[in-house]
Amino acid sequence: MNILEGFSKNDDLVEFICTKCGYSLWVPRFIVRQLEEDNLFDGLDLSIPPQPDCQVCDSIMAPKSYTGI
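Bear in mind the structure is a predicted one, so any value in this text is a computation, not a measurement. (Residues numbered from 1 in each chain as written. Predicted model: local features only at pLDDT ≥ 70, side-chain atom pairs only at ≥ 80, totals over all residues. Heavy atoms only, no water.)

### A few points about helix α1 (residues 29-41)
Then step 1. The terminal C-alpha atoms of α1, which comprises 13 residues, lie 18 Å apart, in line with the 18 Å expected from a rise of 1.5 Å per residue.
Then step 2. Regarding α1, the residues found buried are V32, E36 and N39. What you see down the axis of α1 is that its buried residues fit within an arc of 55°, all on one side. The exposed set on the far side of α1, more than 90 degrees from its buried face, consists of F30 and F41.
Then step 3. As for α1, its buried residues are in contact with β1 (13-18) and β2 (24-28).
Then step 4. One or two positions beyond α1, positive phi appears at G43, with a value near 80°. (Helix = DSSP H or I, 4+ residues; strand = E, 2+ residues; numbered from the N terminus. Expected span 1.5 Å × (residues − 1). Buried < 20%, exposed > 50% of the residue type's maximum accessible area, 1.4 Å probe, protein only. Arc of directions from axis to C-beta. Contact = heavy atoms within 4.5 Å.)

Structure (structure tokens):
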């Protein structure tokens, strides 16, 4: 399990998994909310979850379980 540096399992985290290589990354929910706000600002549909770039293979990552704004 990879967790962004400075955060722990005790934080409210969302798991993202790479759609290509399967790399898993746990991201704090407040960062996920910021990514959601960025999507809104960019005019993306609210039903589309945040999709950050994979740190391993440069593909996209998707949340394992997602409940939007």
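There's plenty left to go through after this.
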